[in-house]
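What the coordinates show
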Amino acid sequence: MKQLALVLVLWLPACGLIPDGSSSASKPGPITNIDYRVWLRDVGAREIEVELRFKAPGHQQVTLGLPAWTLVPEIRDLRRFVTSLTARDGVGRSLEVQFRSKDLWQITLQGNEDVQIRYRVKATDRAPTGNQVTDDFAYLVGGATFVYILEAFDVPVTVAIEPHAEWQIVTTLESTPEAGIFRADRYEVLLEHPIALGQFRYLDFEISREVGGVSRTIRMQLAVDTHDERYASNLAALRDQLREMTWGHLQLMRDFPFLASEKYTFLILLDESAVVDGFGFPRMTVLTGAPSNLGTHDQALLRVASREFGHVWFGGRVPKGEASPDVLGREFYGMVYWVLYGWSAYYGDLVLLRAGLLDEETFLTGLTDDITALRACQSRTSLSPAASSYLIWFYRYGDWAEEQQGVHPRRVGRLLALALDLFLRETTLNNKNLDTVVRELKELFGNARRTLTIMDVIDALTRNLGQAVLRRFGKHIYGTDEPEWDEYLRWVGMHLQSEVIEAGADSGFEFREVFPGRFFIESVASEGPARKFGLAVGDEILSIDGEPGERTAERMAELAPGENLELQVRHADGRVEEYTVDVRARLIRELHISDLSERDTTPAQRETWRNNRRSWLSSGFGRPEPEQGSDSGSVPSGR
């Protein structure tokens, strides 16, 4: 450790990260006038142009950086999206730019006070946590768009946005009297407020509640990048559902989220090929989906909106003063991800159920789907939720593979929330529950405005349950034991029912098209007819039932149990052989959360179960006063 400390002492001054103690003729002045300007001149290029200007009197050099993440607990290589970064002085002369590390640039100023940085950002990320530009809209996330000045991290900044054509601006950044110009009192605020540009339809509503004897009202806004009148009634219905959903979360927390303003926005970005996804920022929930998801019976957008809006309480922000260049360059949430995202997923659906926006069957099916996926995860016996929460930081470079890297903490966190909720209710005879715990954590994290840790969670559980929670749930949080579902579900008169069902045909092997019209065997079941007859990974399918390999996909789609397949394959060594494979029925184990049998139970027991279930699923939910929402249509840029 002493050797490491010595290396750091020698290295850091040389890198310019800390003063080396040497004197200079004049002490550098504060860096000021930090102004960003954003252009979208050519949306077809799928790029964003950014200019950063600032004054750095007396500075010989400055360091620019990009965060390692954008409010999501996943390490992201954001620099790969930045191209052609250049620096000039106040009269247009080039300044030296050196690439320092994965996400840092060093600019040599040569005594120049006025600095201009220009760069482009590729915007092809389809997730709501990355930049995207399409023909219809643009979406910018602060951490992926704006480089920061390491020496001026806490200095106020302005952002001027020049939208493409007649596009409008939707953002929760603080506006200025000048149209299209916004401000933030420090860089970290840019991380919390995304910017959308396009042509939007607005539907407004309000939520009021008395908090601490004071009546408060938050103005809510639904902004959707479409003016297609075919969706007008569906959008109005969604607006009303969002109001009910928002009220449900207020009932749960008995307070508003810790918003700095009295306004919250739900933003929906539509794309024909987009999947339903979302992310909750402190003052905005961003949703993506296809126009078909606006259907009156499609609950996908509403379910994601509820999960992500609920995440405002569970940690979907950087607490003011917590962020720094050091924090932005390393993992932040650590082993608590399964709580921050898993519990908000649990309450996302539960709040909708309590509000009458989701039926009980859909709610229970979502839980059993998670249990099914958990049991199918190959590494569930080797990686705990806590370990998976930590590791998810480092797998953003490729897609997160649950089967290979571990149990996804959002999924297992949702299931642990279910087990904890029912256990608390049973142990305290419905006097306490997980609702109680999340309110306490909101007080800790929201009101104290600091980072939630795993020990905060354990302490809150222990206060409500005693040391029993550590003995009971430590093996689930830090270990790999699956909760005893029937033991917990019995409190509400339910159990986990397993049923083996037939789900199509099973040939014993999987294949894929490697070259156009050529299909190769990709996997062979360890126990099945295909392996018995000698098929192996890499074999090419030349024909099926005498028909050429080009028909492989069609023929396999027509399979039925009991058939025989006449296969001609070419092995890796060039041998061509023929096989007859009998097709079996594909059997899968399907799970359901079902009512316990009424046999051997008394009417009093069944009544107790009904009361317990009612307490769990309704929890005294009330509804807001009816309100006629408004459709404000389009508004001028800079709204």
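These numbers come from a predicted model, not from an experiment. (Residues numbered from 1 in each chain as written. Predicted model: local features only at pLDDT ≥ 70, side-chain atom pairs only at ≥ 80, totals over all residues. Heavy atoms only, no water.)

**Describing the sheet that holds strand β11 (residues 157–162)**
In plain terms, the rule: For two strands to be treated as a pair, DSSP must find at least two bridges joining them. Helix numbering and strand numbering both begin at the N terminus, where a helix is a DSSP run of H or I of at least 4 residues and a strand a DSSP run of E of at least 2.
Pairing is mixed across the open sheet formed by seven strands, whose spatial order is β4-β7-β2-β1-β11-β14-β13. On the outer flanks of this sheet lie β4 (82–89) and β13 (174–175), each paired with one strand and no other. Sheet analysis places strand β1 (residues 32–39) next to β11, joined by six bridges and oriented parallel. What sits directly across from Ile34, in β11, is Val157.

**Notes on a nonpolar patch on the surface**
Put simply, the rule reads: Within this analysis, patches are made of residues with over 30% relative accessible area and no salt bridge. Like charges are joined at 9 Å or less; nonpolar side chains (Val, Leu, Ile, Met, Phe, Trp, Tyr) at 5 Å or less. Only the protein chains shown count as covering a residue, and every accessible area follows the Shrake-Rupley method with a 1.4 Å probe. Salt bridge criterion: a side-chain nitrogen from Lys or Arg within 4 Å of a carboxyl oxygen from Asp or Glu. When accessible area is computed with a 1.4 Å probe and restricted to protein chains, residues below 20% of their type maximum are described as buried, those above 50% as exposed, and intermediate ones as partly exposed.
Taken together, the side chains of Met335, Tyr390, Met455 and Tyr478 define a hydrophobic patch exposed on the protein surface, amounting to about 390 Å² of accessible area. Relative to the elements of secondary structure, Tyr390 occurs in helix α10 (residues 385–391). Look at Tyr390 and you get partly exposed, because its relative accessible area is 34%.

**A look at unusual backbone geometry**
The phi dihedral of Asn33 falls on the positive side, at around 55°, and the residue is not glycine. Tracing the backbone shows Asn33 in strand β1. Positive phi, close to 55°, is recorded for Asp545, a residue that is not glycine. Residue position: Asp545 is located in the loop between β24 (540–544) and β25 (547–548).

**Some words on the pairing of strand β18 (residues 263–270)**
Counted residue by residue, β18 has seven buried out of eight residues, so it is predominantly covered. As paired strands, strand β17 (residues 214–224) and β18 are joined by six bridges and run parallel to one another. Across the sheet, Arg219 pairs through a bridge with Lys263, a residue of β18. Alignment of β18 against strand β20 (residues 284–289), held across six bridges, turns out to be parallel. Each residue of the ladder has a partner; that of Thr265, found in β20, is Met284.

**So, the environment of Asn464**
Condition: Throughout, a residue-residue contact means that at least one pair of heavy atoms, one from each residue, lies within 4.5 Å.
With respect to the helices and strands, the residue Asn464 is situated in helix α14 (residues 454–465). With relative accessibility at 7%, the residue Asn464 sits in the buried group. Residues Asn464 and Asn433 lie 31 residues apart in sequence; the distance between their C-alpha atoms is 8.4 Å. Among residues more than four places away in sequence, those in contact with Asn464 are Leu424, Thr428, Lys432, Thr436, Val437 and Glu440.

**Overview of the pattern of salt bridges**
By the definition in use, this model includes 38 salt bridges. Across the pair Arg186 and Glu188 runs a salt bridge, and its minimum N-O distance is 1.8 Å. Given the relative accessible area of 9%, Arg186 is considered buried. Across the pair Arg201 and Glu229 runs a salt bridge, and its minimum N-O distance is 3.1 Å. On the criterion of sequence distance, the pair formed by Arg201 in strand β16 (residues 201–211) and Glu229 in the loop between β17 and α4 (232–253) is long-range, its members being 28 residues apart. Given the relative accessible area of 9%, Arg201 is considered buried. Via salt bridges that share partners, Arg303, Asp349, Asp370, Arg411 and Arg414 belong to a single interconnected network.

**What about the sheet that holds strand β6 (residues 104–108)?**
If you trace the four strands from one edge of the open sheet to the other, you get β5-β6-β3-β10, paired in antiparallel fashion. Every other strand in the sheet has two partners, leaving β5 (96–101) and β10 (148–149) as the edge strands with one partner each. Judged from the two bridges that link them, strand β3 (residues 61–65) and β10 form a sheet pairing that is antiparallel. Paired with Gly65 across the two strands is Tyr148, which belongs to β10.

**Regarding the side chain of Arg239**
Quick note on the threshold: Distance and chemistry together define a polar contact, namely a pair of N or O atoms within 3.5 Å, with one atom able to donate a hydrogen and the other to accept it when in protein, and with adjacent residues in sequence counting only for side-chain atoms on both sides.
Position of Arg239 among the secondary structure elements: in helix α4. The class for Arg239 is buried, based on a relative accessible area of 5%. Within the structure, the side chain of Arg239 is placed 2.7 Å from the side chain of Asp240, a separation counted as a polar contact.

**Description of the packing of helix α8 (residues 342–354) against helix α12 (residues 409–427)**
Stated precisely, the cut-off is as follows: Only C-alpha atoms enter the line fits that serve as axes; for helices the fit covers just the stretch in contact. Angles between N-to-C directions range over 0 to 180 degrees. Each angle receives one of four descriptions, namely roughly parallel if under 35 degrees, roughly antiparallel if over 145, roughly perpendicular if within 65 to 115, and oblique otherwise. A clockwise turn of the near helix away from the far one marks a right-handed crossing, whereas an anticlockwise turn of less than a right angle marks a left-handed crossing. Under the convention adopted here, Pro, Cys and the residues Ala, Val, Leu, Ile, Met, Phe, Trp and Tyr are nonpolar, Asp, Glu, Lys and Arg are charged, and Gly plus all remaining residues are polar.
α12 packs onto α8 with a crossing angle of 60° between their chain directions and a minimal axis gap of 6 Å. Taken together, the axis directions place α8 and α12 in an arrangement best described as oblique. Taken as a pair, α8 and α12 cross one another with a handedness that is right-handed. Contact residues: Gly342, Trp343, Ala345, Tyr346, Tyr347, Asp349, Leu350 and Arg354 in α8; Pro409, Arg410, Gly413, Arg414, Ala417, Leu418, Leu420, Asp421 and Arg425 in α12. For the contact of α8 with α12, a count of residues per class yields nine nonpolar, two polar and six charged.

**Brief notes about α8**
Applied cut-off: Here, expected helix span is obtained from the residue count minus one, scaled by 1.5 Å.
Helix length check: α8, at 13 residues, gives a terminal C-alpha distance of 19 Å against a target of 18 Å (1.5 Å per residue), a fit within 8%. In terms of burial, α8 is largely enclosed, as 13 of its 13 residues are buried. Among the residues trailing α8, Gly356 stands out with phi positive, at a value near 80°.

**Describing the nonpolar core**
This is how the line gets drawn: Residues belong to a common nonpolar core when they are buried Ala, Val, Leu, Ile, Met, Phe, Trp, Tyr or Cys residues joined through side-chain atoms within 4.5 Å.
Counting 99 residues, the largest nonpolar core has Trp343, Phe363, Leu434 and Trp616 as the members making the most contacts within it. Apart from the residues within four sequence positions on either side, Trp616 is in contact with Tyr346, Leu350, Arg354, Phe363, Leu364, Leu418, Asp421, Leu422, Arg425, Val492 and Met494.

**Observations regarding the packing of aromatic side chains**
Two aromatic rings are characterised by how far apart their centres lie and by the angle between their planes. Operational definition: Here a pair means two rings of Phe, Tyr or Trp (six-membered ring of Trp) with centres within 6.5 Å. Their orientation is stacked below 30 degrees between planes, edge-to-face above 60, and tilted elsewhere. For a ring to carry a charge above it, either NZ of a lysine or CZ of an arginine must fall within 6 Å of the ring centroid while also lying within 35 degrees of the normal to the ring plane.
Evaluation of the coordinates by the stated rule reveals 16 aromatic pairs. When the ring of Phe200 is compared with that of Tyr202, the centres are 6.4 Å apart and the planes differ by 50°; the resulting orientation is tilted. You'll find Phe200 and Tyr202 in the same group, each marked buried. Members of the aromatic cluster, joined through ring pairs, are Tyr148, Phe153 and Tyr187. The ring of Trp39 carries Arg41 above its face, with NZ or CZ at 4.8 Å from the centroid. When the ring centre of Phe99 is taken as reference, the NZ or CZ atom of Arg79 above it lies at 3.7 Å.

**Let's talk about the environment of Glu607**
As for its position among the elements, Glu607 is in helix α19 (residues 603–617). As for Glu607 and Gly493, which are separated by 114 residues in sequence, their C-alpha atoms are 9.6 Å apart.

Limitation: the analysis is restricted to geometry and does not speak to function.
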